[in-house]
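One letter stands for each residue in the lines below.
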Amino acid sequence: MSWLPPLDLGAWPTTAESAMAMQDELRPLVSPVTPPGARFRTVAGLDSAYDDTGAVAAAAVVLAADTLRPVTSAVAHGVADFPYLPGLLAFREIPATLAALGRLDSAPDLLVCDGQGLAHPRRFGLACHLGLLTGIPTIGVAKTVWGEYAEPGPERGAATDITIDAVVVGRALRTRSGVKPVFVSVGHRIDLDTACAQVLALTPRYRLPETTRHADHFCRAALRAAAGDYSGSTP
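The following refers to the structure shown. Note that the coordinates shown come from a computational prediction; the quantities given were computed from them, not determined experimentally. (Residues numbered from 1 in each chain as written. Predicted model: local features only at pLDDT ≥ 70, side-chain atom pairs only at ≥ 80, totals over all residues. Heavy atoms only, no water.)

The subject of this paragraph is helix H2 (residues 89-102). Owing to its 3.6 residues per turn, the α-helix brings residues three or four apart onto one side. If you check H2, its first and last C-alpha atoms are 20 Å apart, about what 14 residues at 1.5 Å a residue would give, namely 20 Å. The sharpest bend along H2 reaches about 35 degrees and sits at Pro-95. Of all 14 residues that make up H2, eleven are buried, and the element is covered over most of its length. Lining the buried residues of H2 we find helix H1 (16-26), strand S1 (42-50), strand S2 (55-64), strand S3 (70-79), strand S4 (110-113) and helix H3 (126-134). (Helix = DSSP H or I, 4+ residues; strand = E, 2+ residues; numbered from the N terminus. Expected span 1.5 Å × (residues − 1). Bend = angle between axes of the 7 residues up to and from the residue. Buried < 20%, exposed > 50% of the residue type's maximum accessible area, 1.4 Å probe, protein only. Contact = heavy atoms within 4.5 Å.)

So, on to the environment of Val-199. For Val-199, the location among the structural elements is in helix H4 (residues 192-201). A relative accessible area of 1% places Val-199 in the buried class. Beyond its immediate chain neighbours, meaning those up to four positions away, Val-199 contacts Ile-139, Val-141, Leu-173, Thr-175, Val-182, Val-184 and Pro-209.

This part takes up the nonpolar core. Counting residues in each nonpolar core, the largest one holds 51 residues, and the members touching the most others are Phe-91, Leu-101, Ile-139 and Val-184. Ranked by residues supplied to this core, first place goes to H2 with seven residues. Those residues within four positions of Leu-101 in sequence are excluded, and the remaining contacts are Trp-3, Leu-4, Leu-46, Ala-60, Leu-111 and Thr-134. (Core = buried A, V, L, I, M, F, W, Y, C linked by side-chain atoms within 4.5 Å.)

Coordinates in, geometry out; function isn't part of it.
Encoded structure:
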């Protein structure tokens, strides 16, 4: 039996209007506070790959926080019924992503999403939604940005605030000296300082977190492997 309750797809939005209404309804529930005594021993990277038919492979790869070595992983296949719409990525990715997470033996201590958290036009990106659905501290680490920011200094660890309507919603964080920053924002149950510290710990060699790199490789490989016999259902 999965540690994660199944998603109620009967109540899952099918239109942009209903998706935005759900974001507005859930946004006040997000907590930008790290639970007292929280320790992140295991960190899961989440990513999804798609083909032209709408087939999706979602991967969850769990790393040991101290070694950054994979300890377990899971993949789920499905069909992305929700269209790709800016600001509504969660409604395309969450069903298969939750299925992959539910196949893990136990809950990771931290989730790292390849997407936005509070740095989102409605302050409720993929990382916020996944954090609320799972109850696990969650960070959004994106390659592109919503909002305004000043370029951080060139050295690793330099950071500047991302703002939307003059409100701080995340940070542009330089994870490698002289390399483009990533854009970090709170998803749920973690504060921004802790989120940035975790992202730096996950980027000892490359711009993107090791969690994201592993999950990206895994979901792409799974999609390629399933391309010849994909049946349109989650195995």
